[in-house]
Amino acid sequence: MALFPDAFGSLMGLQNALDAFRRSDWLQTSPSAGGSYPPLNVFRKGEDFALVAEVPGISRSDLEIQIKGRTVRLSGTKLVKYPEKASVHRRERLQGRFDRSITLPIEVDQDRVTAECRDGVLAITLPRAERDKPRSIRIG
Amino acid sequence: MSGSQELAVREKQELAQQEEKTVPGRYYVPAADIFETDEALTLLLEMPGVSKDNVDIQIENDVLRVEGKIDYSAYKEIEPVYTEYNIGHFARAFELSNKIDRDAITAGVEDGVLTLTLPKVKEAMPRKIPVN
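Residues numbered from 1 in each chain as written. Chains lettered and ligands numbered in written order. Predicted model: local features only at pLDDT ≥ 70, side-chain atom pairs only at ≥ 80, totals over all residues.

J.: Would you mind showing me how to read the overall build of chain A here?
T.: For chain A, the helix and strand inventory stands at one helix and eight strands. Reading the helices (α) and strands (β) of chain A from amino to carboxyl end gives α-β-β-β-β-β-β-β-β. Across the 140 residues of chain A, 26% fall into the buried class. A separation of at least 24 residues holds for 51% of the contacts in chain A among residues at least 6 apart in sequence. (Helix = DSSP H or I, 4+ residues; strand = E, 2+ residues; numbered from the N terminus. Buried ≥ 20, exposed ≤ 12 C-beta atoms within 10 Å, placed from the backbone. Contact = placed C-beta atoms within 7 Å.)

This is the structure:
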């Protein structure tokens, strides 16, 4: 698909492509959507999809991913700790609980969903269910 | 502060001035926490997507400059369908006081958070003066 022919040649091209899909209507807001943290990006790779979120400072054990039907739920807690006697000069990092659910417009093969968290970036691979994949119809 | 409140979304802040950057692309300002103990000043910078090999820390003219490069090669074969945030490299600079022992600065990266420990020079550490 040559929507952005040279989009990924440079970082700038990628950034422009990401901007172009800001709040696209691919992911419709649904009643199940709770909080808004973490912000998500959704990508398509062939027939499969991937959900990516920036979760710096959240360890794997504080992050829970659930999938039920078309709904993906991300929940957990982010803690920002300081030593007891420290005086804090600057505090920009936020902490707290989060619980976000999104409903995908595609059917996912739940058994093949995988998640990876590296350097504070969470990536969930969502393989599209076989029965949901588009089929070509040959004209007889 | 407890972790019981809802975690809010903070929009990533784009770096306003980009000196000496010749490669096109937006930079972001990493969210930072700074705290001080008797022995050292600790800086925590959130740079999601930056591995420890791609962090560049420099001290020049009393300015501590931190730059973190993301690896965006993973995005080459995928196309966005819905986005809520943008990605980019990170850069931020801090002025250092002369109470910091520059040779003893250490750094580490964990879960996308860079921790810089800036030990104070001996003269700047609190001392107890015994009363005779």
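Having seen the structure, we can now continue with the description.
J.: Got a minute to help me understand the pairing of strand β8 (residues 89-95) of chain B in this structure?
T.: Both faces of the sheet carry side chains from a regular strand, because those side chains alternate between them. All names here are of chain B. As defined by bridge partners, strand β2 (residues 27-29) adjoins β8 across two bridges and the pair is classed as parallel. Residue Tyr27 lies in a different strand from β8, and its bridge partner there is His89. Pairing geometry for strand β6 (residues 63-68) and β8, over six bridges, is antiparallel. From the neighbouring strand, Glu67 faces β8, where its bridge partner is Ala91. (Pairing = 2+ DSSP bridges.)

J.: Which parts of the structure should I look at to understand the pairing of strand β2 (residues 48-54) of chain A?
T.: Residues and elements named next belong to chain A. With five of seven residues buried, β2 lies mostly within the body of the structure. A loop of two residues connects strand β1 (residues 40-45) with β2, the two strands running antiparallel in sequence, and Gly46 in this loop sits at a positive phi of about 65 degrees. Alignment of β2 against strand β8 (residues 121-126), held across six bridges, turns out to be antiparallel. For Glu54, the partnering residue across the bridge sits in β8 and is Val121.

J.: Sorry if this is basic, but what is going on with the nonpolar core here?
T.: It is characteristic of soluble globular proteins that their nonpolar side chains tend to be buried jointly. Ranked by size, the top nonpolar core spans 22 residues in total, and within it Leu43(B), Leu45(B), Met47(B), Phe90(B), Leu114(B) and Leu118(B) carry the most contacts. Among the elements of the structure, α1 (11-20) of chain A together with β2, β4 (40-46), β8 and β10 (113-119) of chain B are those that each provide at least two residues to this core. With five residues, the single largest contributor to this core is β4(B). With residues near it in sequence (within four places) discarded, Leu45(B) still touches Pro30(B), Ala32(B), Val66(B), Arg92(B), Val113(B) and Leu114(B). In this structure, Phe43(A), Phe49(A), Ala53(A) and Leu126(A) belong to the second largest nonpolar core, which totals 20 residues. (Core = buried A, V, L, I, M, F, W, Y, C linked by C-beta atoms within 7 Å.)

J.: Can you walk me through the sheet that holds strand β6 (residues 96-103) of chain A in this structure?
T.: All names here are of chain A. The strand order across the open sheet built from three strands is β3-β4-β6, with neighbouring strands paired in antiparallel fashion. Here the strands that pair on one side only, and so sit at the sheet edges, are β3 (63-68) and β6. Going across the sheet, the axis of each strand differs from the next one's by a mean of 10 degrees, ignoring polarity. As defined by bridge partners, β3 adjoins strand β4 (residues 71-78) across six bridges and the pair is classed as antiparallel. Counted as the bridge partner of Ile65 is Leu74 from β4. (Axes fitted to C-alpha atoms, helices over the stretch in contact; angles between N-to-C directions.)

J.: I keep staring at the interface of chain A and chain B and nothing clicks. Help me out?
T.: Size of an interface, as often reported, equals the accessible area lost when the parts are brought together. If you look at the interface, chain A gives 55 residues, while chain B gives 44 residues. Broken down by secondary-structure element, the contributors of at least two residues to the side of chain A that touches chain B are α1, β1, β2, β4, β5 (87-91) and β6 of chain A. Classifying every residue of the side of chain A that touches chain B by side-chain character gives 28 nonpolar, 14 polar and 13 charged. With four bridges joining them, β5(A) and strand β3 (residues 32-36) of chain B adopt antiparallel strand pairing. Each bridged residue has a counterpart across the sheet, and for Arg91(A) the counterpart in β3(B) is Asp33(B). (Nonpolar A, V, L, I, M, F, W, Y, C, P; charged D, E, K, R; others polar.)

J.: Where do I start with the environment of Arg73(A) in this structure?
T.: Residue and element names in this part refer to chain A. Structurally, Arg73 can be placed in strand β4. Judged by local crowding, Arg73 falls into the partly exposed class, with 15 C-beta atoms found within 10 Å. Along the primary structure Arg73 and Ser87 are separated by 14 residues, whereas in three dimensions their C-alpha atoms are 36 Å apart.

J.: Which parts of the structure should I look at to understand α1(A)?
T.: Residues spaced three or four apart along an α-helix point in a common direction, a consequence of the helix completing one turn every 3.6 residues. Those residues of α1(A) not exposed but buried are Leu11(A), Leu14(A) and Leu18(A). For α1(A), the angular spread of the buried residues around the axis is 60 degrees, confining them to a single face. Next to the buried residues of α1(A) lie β1 of chain A together with β7 (79-83) of chain B. (Arc of directions from axis to C-beta.)

J.: What's the story with unusual backbone geometry in this structure? I'm lost.
T.: Where the residue is not glycine, phi is negative for most of them; where a peptide bond is considered, it is trans in most cases. In this structure, Pro38(A) follows Tyr37(A) across a cis peptide bond, with omega equal to -5 degrees. A positive phi is found at Asn61(B), a non-glycine position, where the angle reads about 50 degrees. Residue placement: Asn61(B) occurs in the loop between β5 (55-60) and β6. Of the residues examined, Asn61(B) has 7 C-beta atoms within 10 Å and is grouped as exposed. Residues other than glycine seldom take positive phi values, yet Asp111(B) does so here, at roughly 50 degrees. Along the polypeptide, Asp111(B) turns up in the loop between β9 (106-110) and β10.

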